[in-house]
Amino acid sequence: MSLGREPGLPFLPGCAFRDAMKTSFHRPQTLGYKNGFAFSRLPAVGIGRERLYVNQLSQAELDDLSNQRPTLTYGPAKRAPPSGFIPAHVAFDKKILKFDAYFQEDVPLSAEEHYRIRQVAIYYYLEDDTMSVIEPVVQNSGLPQGKLIRRHRVPKNDRGEHYHWKDLNRGMNITMYGRTYRIVDCDPFTQVFLESQGLELNPPEKMVFDPYTELRRMPVRKYITPSDFDPLKQFLTYDKQVLRFYAAWDDTNSIFETFPSCVLEISDQEVLEWFTAKDFAVGKTITLLGRTFFIYDCDEFTRNFYRDKFGITDFQPVEIKKKSLEEVPRVIPPYNGFGVLEDSLQNCFSLFPKPPRKDIIKMLENDHKVLRYQVALESPNPEDRKRRFILSYFLSNDMISIYEPPVRNSGIIGGKYLGKTRVAKPGSTTENPTYYEPSDLTIGSTVEVFGHRFVITDADEYVLNYMESNAESFPAATLQSLRDHFRPRQVVKETANSDIPMLQTNKQELDELIVQVQEELNHKNLNKKNIQEAFLQCDKDGSGILDKAEVLALCDSLGVPTNTILLNKLIDLCSCGEDKINYHDFLRAFPS
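Residues numbered from 1 in each chain as written. Predicted model: local features only at pLDDT ≥ 70, side-chain atom pairs only at ≥ 80, totals over all residues. Heavy atoms only, no water.

Moving on to the side chain of Asn169. Topologically, Asn169 is positioned in the loop between strand E8 (146–152) and strand E9 (172–176). The class of Asn169 is buried, set by a relative accessible area of 11%. In this structure the side chain of Asn169 is engaged in a polar contact, spanning 2.9 Å, whose partner is the backbone oxygen of Glu200. From its side chain, Asn169 meets the backbone nitrogen of Asn202 in a polar contact 3.1 Å long. Apart from residues lying up to four places away in sequence, Asn169 is in contact with Ile183, Glu200, Leu201 and Asn202. (Helix = DSSP H or I, 4+ residues; strand = E, 2+ residues; numbered from the N terminus. Buried < 20%, exposed > 50% of the residue type's maximum accessible area, 1.4 Å probe, protein only. Polar contact = N/O pair within 3.5 Å; in protein donor to acceptor, adjacent residues only side chain to side chain. Contact = heavy atoms within 4.5 Å.)

What follows is the structure, given as structure tokens:
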């Protein structure tokens, strides 16, 4: 007995029999490969390789095949290829359905309107089934208009459905986000599209307008009796004819009034009466826009007009005495010390101060020309009296800067002491300021800089050369002080130049004598540092030259313990000129 049911028996309980001898239950293979591609095929046998009856052709199928012999012989007839597929975003690109609609909005806090009608346009985009609602913008409406609903798929209900173009029609209400819109009409393209899709359109409705807006557009009825006055005739008759009066406005009583005032502007409808020619006359006071004017005279044309028009003949002019204005002196406040004096003074002359003018020619001619002086601080403090500074005078802009060279182990931080600025002389005023000039900077003179006094002790040779080349611009006393200061240095140079042939011999003899003096001093206790400090203090101008008498007096006061013969010979070898000693060579015998 085979597995399954016998052919011709119904598939009912009791009509199927199981083969107890069957041991193979393999399913037939239905997958295969051809030319590297997998494909499926119908099973040829059943489970356990039993015969299948379901794949056999019935008599009706055999009859159908017999009628298709030409197709079996020559193959099926060729059919036209299907049309190309066009996606929706291409087929409906830029195709939009437009519906005209409106919605009603309540106005609870207005006595003139209880509701408001707002017209909108509903757009449906066919390419992606999105919608948007836009309200046309009305100027000065006071309402946030424009795009009310941005473009997106609008939900239709709480079940996740969205509005489709099939849900839109004329004469219907549509609710979007709690607001109900009434669709009244659509454009021609929308009508043609919906009708082509088999949708029956409702008849169009009239657009409803806002009653309050229509009320505002209605003109207000005015009942005005026409006047006999013809303004055009008056304009043509009196064209280019002007009445001219001479008036005075005295406002001296309120010139210093600080109380705020305002003028209320009124419209032409609120004016009850205007000024006319009858209101003006010579000797009369009239108020115009809050200002009181006194008319004291008029021109000849005005006199003729009033004489012919109004019969007025009295045009006696009134003499006006002008009050002399009291000139208020301008008081310049004292200089507060901030900024340059000339620059700060401009704030007293104008609300928009301008920088003071500069002497461009002087700046170009004296660019990079600087006069340098050595100055000492005049102070009761002994530590400050030893401090030395460099004062630089810039000829291009007459500014002064002071610099203190750093000295090691002095306890004072050197560097910039005073930036570039113009320094006023003592007793100078803001009305007539006077500043230090190169003629004021002489050897031994005192310069007062913002309360600090400096004494000039030395100068560059460039200062002397510059003043000698421009001697006509400087006082003779200033030039003579510099010449007297630099004369010892020039004597040393001249002496050195004249003694060039004997220089080598004297130097060798001086070196031998210095060795003898040092051998004698090695056996004696002598403070050599005090000797050098004493010579430096005596050289006030820093020239390195002292008188022979001063050197002998210093040696006697310091008690130099050496042979008198060696001392005199040493002084003779260090001499430079008549009774002048180069003490730098002399101090070589007493090294610290």
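This part covers the sheet that holds strand E19 (residues 452–459). What holds strands together in a sheet is hydrogen bonding between their backbones, with the strands either parallel or antiparallel. Taken in spatial order, the six strands of this open sheet run E17-E16-E15-E14-E19-E18, and their pairing is antiparallel. Each edge of the open sheet is held by one strand with a lone partner, namely strand E17 (415–421) and strand E18 (446–449). The mean inter-strand angle of the sheet, taken between neighbouring strand axes irrespective of direction, is 30°. For E18 and E19, the ladder comprises four bridges, and the chain directions are antiparallel. When the bridges of E19 are listed, Val449 appears paired with His452. Running over the sheet, helix H11 (residues 461–469) touches strand E14 (370–377) and E19 and is turned about 130° from E14. (Pairing = 2+ DSSP bridges. Axes fitted to C-alpha atoms, helices over the stretch in contact; angles between N-to-C directions.)

Glancing now at the packing of aromatic side chains. Going through the model one piece at a time under the given rule, you end up with 17 aromatic pairs. Residues Trp165 and Phe193 carry aromatic rings whose centres are separated by 5.3 Å and whose planes lie at 70° to one another, so their mutual orientation is edge-to-face. In this pair, Trp165 sits in the loop between E8 and E9 while Phe193 sits in helix H4 (residues 188–196), placing the two residues 28 residues apart along the sequence. What makes Trp165 buried here is its relative accessible area of 10%. In this arrangement the basic side chain of Lys420 is found over the ring face of Phe394, its NZ or CZ atom lying 4.3 Å from the centre. (Phe/Tyr/Trp six-rings, centres within 6.5 Å; stacked < 30°, edge-to-face > 60°. Lys NZ or Arg CZ within 6 Å of the ring centre and 35° of its normal.)

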